[in-house]
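A closer look at the structure
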Amino acid sequence: MKLLDPASILKTGKLRLKARYVVEGIVSGLHKSPFKGYSLEFSQHREYSPMDEPKHIDWKVYGRTDKFFIKQYEEETNLRSYILLDTSRSMTFKDKLTYGANLAAAMAYLLIHQEDSVGLVLFDNEIRKFLPPRAQSEQFAAIYNALETAEPGGETAISNVIDNFGRLLKKRSLLIFISDLMDEPSEVLRAIRQFRFKHHDVIVLQVIDPAERALNFSGPVIFESLENTKNRFYTEPEDIKRNYSEVFEKFLEEYRWGFQSSGIDYHLITTDTPVETGLRAYLAMRKT
Amino acid sequence: MNLSFLNPSALWLLPLALLPVAIHLFFKRKPALIQFSDLRFIELAAKNVAPRKKLHQILLLAARCILLLLLIMAFARPAGHLVPSSDAGKNREILILLDSSYSMNYRDAGRDRFTAAKDFIYSLCGKTLANAKRSKASTDISIAVFSDRIEKYSESVPDINEIRRYLDDCHKGYSGTDLTQALNFSYKSLSKFRESAKTIIVVSDMAGHVFKGSAEEMKTRIENYDPAVAVIFVEVGPAAYENSFVKDVSLEGMPEYFSAGLSCAGAGLSRPLSVTVDDKRIFEETVSLKPAEMLKKEFHNVQPPSTDESRRLYYPAAVRLQEDALPDDDIMRTVLKIEPLKKILIIDGEPKLGYGINSESYYINAALSEKGAKRFLVKTLNPDEFARERDFSKYDIVALCNMESIPQEAQNSLEASPPGAIAVFPGEKMNPELYPQWISQSFQAPRLDETVSLSSFVPAGNLTAEGIFPEINGFELEKISFNKYFNLNELNGNTMLRFNNGMPFMIRSSFKNVPVFIFAAGAGKSWGNFPSKPFYPYFVRSLFGNSGGLESTPVNYSLKTGEPFKYYLKSFPQGPVTVGLPDKSAKKTKIIRRDSGADVIFEDTFMPGFYTLAAPGGRIMFAVNVNPAFGESNLEKAGKSMAAKILPKTPLAYVEWSADSQKKTLNALEGVEISKEFLAAALLLLGLEILLALGVRS
């Protein structure tokens, strides 16, 4: 699939994705460390960005170079993060997968730009691809490439995948789920909540197409399931539209309430919202 | 109702009614195939909606098909007929039954129902015959007038003028109703027309009393029932009514006392009530009547006009409620029979000074002295005076009391000019051997001294004790005792009353056609039968009041319509005996000879009012009243359900009385185009279809 340029998605590059909860990082960086009392030894310089606190500016380097650099110390920790993208067949409805991939690419770009390590997990009913988190700039290319070449898989089985993935995680991390969550809500919530119990920071971005939400079809239709082409259903969407909206909103509400009550950052994004708009809005909201 | 079509070629379009189904099946939009992420929500949403939607669609399709069907049928111009369509084009036989029973006298809006029925029939026949001229088939109309029998029948009245004349000659009656019999007659009359379309039209007030008995009983009475004969019931007169009536009048202890029963049907009401005797009002009051309840009114001390020597016997009396819409049942007539004063001659064989308490005549005089209206004129003679009396024919009764003997002169006078009757009361002095043989033959010596009491009355020939002694019915005769009595010889007479030992107490014999009453004992202290006992005065009054033999059998002077009047004459009349009717006409009676005398019978009592029988010896009046037993005073409608029960499988129409009864009857008879009704139904269905279509969309 053809992805957008993440840089253009993020435009000003002023966006940051910070972990809300304490995480363990590879390299001290942007995020708070759970471990206190480390010696503040100078580690390296990095170029100043407006998000950095001025107290960390190395004025000696400024004097020499007329450029702002900050000192990185060992007690700052880098974020270990994973982007998990649902590539099950339900995501192939309209442009959900492309949209999700663009989101994933943008998030990866942001994190790597923050010098956080990012890993990628592509899954449907099992993990199809796994890129362990790295902070190097080459990691982005690997992630981007994996996203571009991602093929839709089989049926959705999010809770199974999450359970398996959970066993791989050793250290506290930031987990970003990008999925339509077309699975049994109680199972998905159960599976994802366990990451919170293990003190991971979890972000869930649910991607939905407007047609899925409003069932905007007219005339008689035979609906065929993307995940099981033998499963078909004939109806006239105009007749069931109202009922369908009620049922679908109930489904979304169940996730919203379930995630929020568990302290999981949940955001619903519809594919009619431009990726950049959606992501920026989300990041701005998360910052506050 | 049978259906036919005036434009049947339009029915070829009927298959078009299936067009909506065809369009639905063959021109249905092909569904698009859409791949969708998750069908769960769609299936869940469709779960409740689909069945309702399917039903809606079926109803909509059905509504559209029926709408087209109705439009096509309306275009084909449907017409409703009572007769089966197989009868179309046949010759027609119509038999009209006109109810002339009493209830048809009821006046609605100033016109009685019978007249309204006749006018209805005339108008209906006019239109039917006019319509018949336009068709190829012929129409014949017969009219039968019925009540509780067929009064009149005219087969095949040819034209409307004849019908008018026939109807003008039909008159309302006072009889009950038997519609089943009339229907039976109709079916029988029509059965000979095998190839014709037949219809019976019943024109009646259709009150509940027209049907007698259960539906099953009525069905068995209709012997020539034919389900192919159409029947139209036309209910004359509206359902609501009020009617008061006098149900009965009875005379007891006449004329001092009589009573009447009053009732009403419909709704409770108040009515003025009056009693007249000889057209003079002697009583009036306003009474409150309730439906189905009987109000009993008693009238005491009714004083008839004082009698005189003119020998007028009969006085018309009536109990009247204020006349209402059905007038003849508001009056109940009767006849007060006032006897002239009976002339009684008492011969006392043992008169004491002033006819004291020891004399027989004292007690007879006392018994004949009545309070109130007098019936007797009493004269008492001693034996010497008796001997000097020459003409006994002016007396109704001569009573010989305790006479030792009958002087020869008196005997001769008795035989030469006899009275109406003779009574012989024995006493201490009586020596039967010194009496004429026609008296002495009844006595057998000696007197018997034993205490006996009276037994029962014994009918003797045509005579009944009740006829002679109506006032003493119910007396406990066994409590009346005597301690001395003569042994009477029964061979010369009829024993009317016996002692409890079987021996006769009273014998009726005769001498030259003069009744002679012989008693075994008399009233006297020495005889042990104290005349103060209550039995004696009534006994004496009855004997002296009725012994003239004018009426040896009771006569009913107050009859119901249709009941025959019977009267006994002592001697066979030499010429015809006629009866004057209330309408001033006169008719002959039937005369049946008896061993002694004759019975006069008059059966033509169909008109209420006072009748007069002109008999030898006087005029006798009797009254005829509407018979409440017919139930004709209650006009509650029977309704069509009973008609349908007794005429199963019959093409039936029931027309209730209204301004367009004519039109409805004609429609039932001739058929009526009903395309407007089909169009109206189609319009209604169109509205329903629009609602359904909107419902489906929403």
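Residues numbered from 1 in each chain as written. Chains lettered and ligands numbered in written order. Predicted model: local features only at pLDDT ≥ 70, side-chain atom pairs only at ≥ 80, totals over all residues. Heavy atoms only, no water.

Next up on the list: the overall build of chain A. Looking only at helices and strands, chain A features nine helices and 11 strands. By the burial criterion, 51% of the 288 residues in chain A qualify as buried. Sequence-distant contacts in chain A: of pairs separated by 6 or more residues, those separated by 24 or more amount to 76%. (Helix = DSSP H or I, 4+ residues; strand = E, 2+ residues; numbered from the N terminus. Buried < 20%, exposed > 50% of the residue type's maximum accessible area, 1.4 Å probe, protein only. Contact = heavy atoms within 4.5 Å.)

Each side of the interface is counted separately: chain A has 34 residues, and chain B has 25 residues. Roughly 2,600 Å² is buried in total at the junction of chain A and chain B, and carbon and sulfur atoms are behind 66% of that figure. Seen at the junction of chain A and chain B, the total is one salt bridge. Connecting chain A to chain B are nine residue pairs in polar contact (both at pLDDT 80 or more). Counting residues per element, the ones that place at least two in the side of chain A that touches chain B are α7 (210–214), β9 (221–225), β10 (232–235) and α8 (237–261) of chain A. A total of eight residues in the side of chain A that touches chain B trace back to one element, the largest contributor, which is α8(A). Residues of the side of chain A that touches chain B, tallied by class, amount to 17 nonpolar, eight polar and nine charged. Here β9(A) runs beside strand β2 (residues 32–36) of chain B; their pairing, made up of five bridges, is parallel. Residue pairing across strands places F223(A) opposite I34(B), the latter belonging to β2(B). (Buried area = accessible area lost by both parts, 1.4 Å probe. Salt bridge = Lys/Arg side-chain N within 4 Å of Asp/Glu carboxyl O. Polar contact = N/O pair within 3.5 Å; in protein donor to acceptor, adjacent residues only side chain to side chain. Nonpolar A, V, L, I, M, F, W, Y, C, P; charged D, E, K, R; others polar. Pairing = 2+ DSSP bridges.)

Time to look at a nonpolar patch on the surface. Residue and element names in this part refer to chain B. A contiguous nonpolar surface patch, about 890 Å² in accessible area, is contributed by L13, L16, L19, I23, L25, F26, F27 and F75. Per-element tally for the nonpolar patch: the top contributor is helix α1 (residues 19–26), with four residues. Mapped onto the elements of the fold, F75 is located in helix α2 (residues 40–75). (Patch = residues over 30% accessible without salt bridge, like charges linked within 9 Å, V, L, I, M, F, W, Y side chains within 5 Å. Areas by Shrake-Rupley, 256 points an atom, 1.4 Å probe, with all protein chains shown as cover.)

Residue and element names in this part refer to chain B. Two numbers describe how helix α3 (residues 113–134) lies on helix α14 (residues 661–670): the axes approach to 10 Å, and their chain directions differ by 40 degrees. In terms of axis orientation, α3 runs oblique to α14. With respect to the hand of their crossing, α3 and α14 are arranged in right-handed fashion. Across from D119, F120, S123, L124, K127, T128 and N131 in α3, the residues of α14 making contact are S661, Q662, T665, L666, L669 and E670. Considered class by class, the residues forming the contact of α3 with α14 number four nonpolar, six polar and three charged. (Axes fitted to C-alpha atoms, helices over the stretch in contact; angles between N-to-C directions. Parallel < 35°, antiparallel > 145°, perpendicular 65-115°, else oblique. Left-handed = near helix turned anticlockwise from the far one by under 90°.)

Let's shift gears to α2(B). Residues three or four positions apart in an α-helix share a direction because the helix packs 3.6 residues into each turn. For α2(B), with 36 residues, the first-to-last C-alpha span of 52 Å sits near the 52 Å given by 1.5 Å per residue. Bending of α2(B) peaks at approximately 45 degrees at the position of K47(B), with proline P51(B) no more than four residues after it. (Expected span 1.5 Å × (residues − 1). Bend = angle between axes of the 7 residues up to and from the residue.)

Our next topic: the nonpolar core. In terms of nonpolar packing, the biggest core is built from 56 residues, with F386(B), L400(B), V424(B), F425(B), F505(B), M506(B) and F544(B) touching the most fellow members. Not counting the four nearest positions on each side in its chain, F505(B) is found in contact with L454(B), F482(B), L488(B), L497(B), R498(B), F499(B), I518(B), F519(B), A520(B), A521(B) and F539(B). In terms of nonpolar packing, the next biggest core, distinct from the first, is built from 46 residues, L175(A), L215(A), I34(B) and V49(B) among them. (Core = buried A, V, L, I, M, F, W, Y, C linked by side-chain atoms within 4.5 Å.)

What follows concerns the pattern of salt bridges. Counted according to the given criterion, the structure contains 34 salt bridges over all chains. With a closest N to O distance of 2.8 Å, D148(B) and R149(B) form a salt bridge. Note that R221(B) and D178(B) form a salt bridge whose closest N and O atoms lie 2.6 Å from each other. Note that R221(B) is positioned in helix α6 (residues 215–221) and D178(B) in the loop between α4 (160–168) and α5 (179–190), a separation of 43 residues in sequence. The class for D178(B) is buried, based on a relative accessible area of 12%. A single salt-bridge network, built from bridges that share partners, covers K96(A), D180(A) and E212(A).

To continue, consider the sheet that holds β2(B). The three strands are arranged β10(A)-β9(A)-β2(B) in an open sheet whose pairing can be described as mixed. A single partner strand is all that each edge strand has here, and the edge strands are β10 of chain A together with β2 of chain B. Neighbour-to-neighbour, the strand axes of the sheet open up by a mean angle of 25 degrees, direction not taken into account. Pairing of β9(A) with β10(A), which is carried by four bridges, proceeds in the antiparallel orientation. Bridge assignment links E224(A) to a residue of β10(A), and that residue is R232(A).

The first and last C-alpha atoms of helix α3 (residues 96–113) of chain A sit 25 Å apart over 18 residues, in line with the 26 Å expected at 1.5 Å per residue. Most of α3(A) is tucked away: 15 of the 18 residues are buried.

Turning next to the pairing of strand β4 (residues 92–99) of chain B. Residues and elements named next belong to chain B. Counting buried residues along β4, eight of its eight residues qualify, which places the element largely inside the surrounding structure. Along β4, one buried face is formed by R92, I94, I96 and L98 and the opposite face, lined by E93, L95, L97 and D99, is buried too. Pairing between β4 and strand β9 (residues 197–204): seven bridges, direction parallel. Directly across from I94, in β9, lies its bridge partner T199.

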